[in-house]
Amino acid sequence: MAHGSDSNDTTYKSPSPGSRPNSSDDVKKVMRREKNRIAAQKSRMRQTQKADSLHLESENLEKENAALRKEVKQLTEEAKYLSSVLSSHEPLCTGLAPQTPDLLYSPHHSSYHQPHIAVPHY
């Protein structure tokens, strides 16, 4: 059965608008309700502000993600380009002795290969 649908219900019912509370208990109830109403209003406002803040953060992260994806794409293209430049240069390079790829790029053997082409620095 729904609450308040029985005419014999003895639970507290709010006073009609315009009636004044006549006891200290009624005053306390009214004050408590008003205090609760204000607290609920503040809570809803905080919740709305948090949702707005999260929405803005989400939009900013989406923009940052898009910029980072674009940078990854550019760096991948640059790496492919530099790899192709290196691949076309290696057969022509007379400064290289036949070596395994591990030794070719080892920092300890850098004297075997001096740069012969200008590579743009990014």
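Residues numbered from 1 in each chain as written. Predicted model: local features only at pLDDT ≥ 70, side-chain atom pairs only at ≥ 80, totals over all residues. Heavy atoms only, no water.

## Let's talk about the overall build of the chain
Right, on to step 1. Scanning the chain from terminus to terminus reveals two helices and zero strands.
Right, on to step 2. For the chain, the proportion of its 122 residues judged to be buried stands at 7%.
Right, on to step 3. When the accessible area of the chain is evaluated, it comes to approximately 11100 Å², of which 56% is carbon and sulfur surface. (Helix = DSSP H or I, 4+ residues; strand = E, 2+ residues; numbered from the N terminus. Buried < 20%, exposed > 50% of the residue type's maximum accessible area, 1.4 Å probe, protein only. Areas by Shrake-Rupley, 256 points an atom, 1.4 Å probe, with all protein chains shown as cover.)

## Details of the pattern of salt bridges
Right, on to step 1. One pass over the full model with this rule turns up one salt bridge.
Right, on to step 2. Close ionic contact of Glu34 with Arg37 constitutes a salt bridge, the shortest N to O distance being 2.6 Å. Separated by three residues within a single helix, Glu34 and Arg37 lie in helix α1 (residues 24-89), roughly one turn from each other.
Right, on to step 3. Judged by its relative accessible area of 35%, Glu34 falls in the partly exposed class. (Salt bridge = Lys/Arg side-chain N within 4 Å of Asp/Glu carboxyl O.)

## Overview of α1
Within an α-helix, residues lying three or four positions from one another point in the same direction, as the helix has 3.6 residues per turn.
Right, on to step 1. Compared with an ideal rise of 1.5 Å per residue, which puts 66 residues at 98 Å, α1 spans 95 Å between its outermost C-alpha atoms and is within 8% of the ideal.
Right, on to step 2. Residues Asp26, Glu78, Val85 and His89 constitute the buried set of α1. (Expected span 1.5 Å × (residues − 1).)

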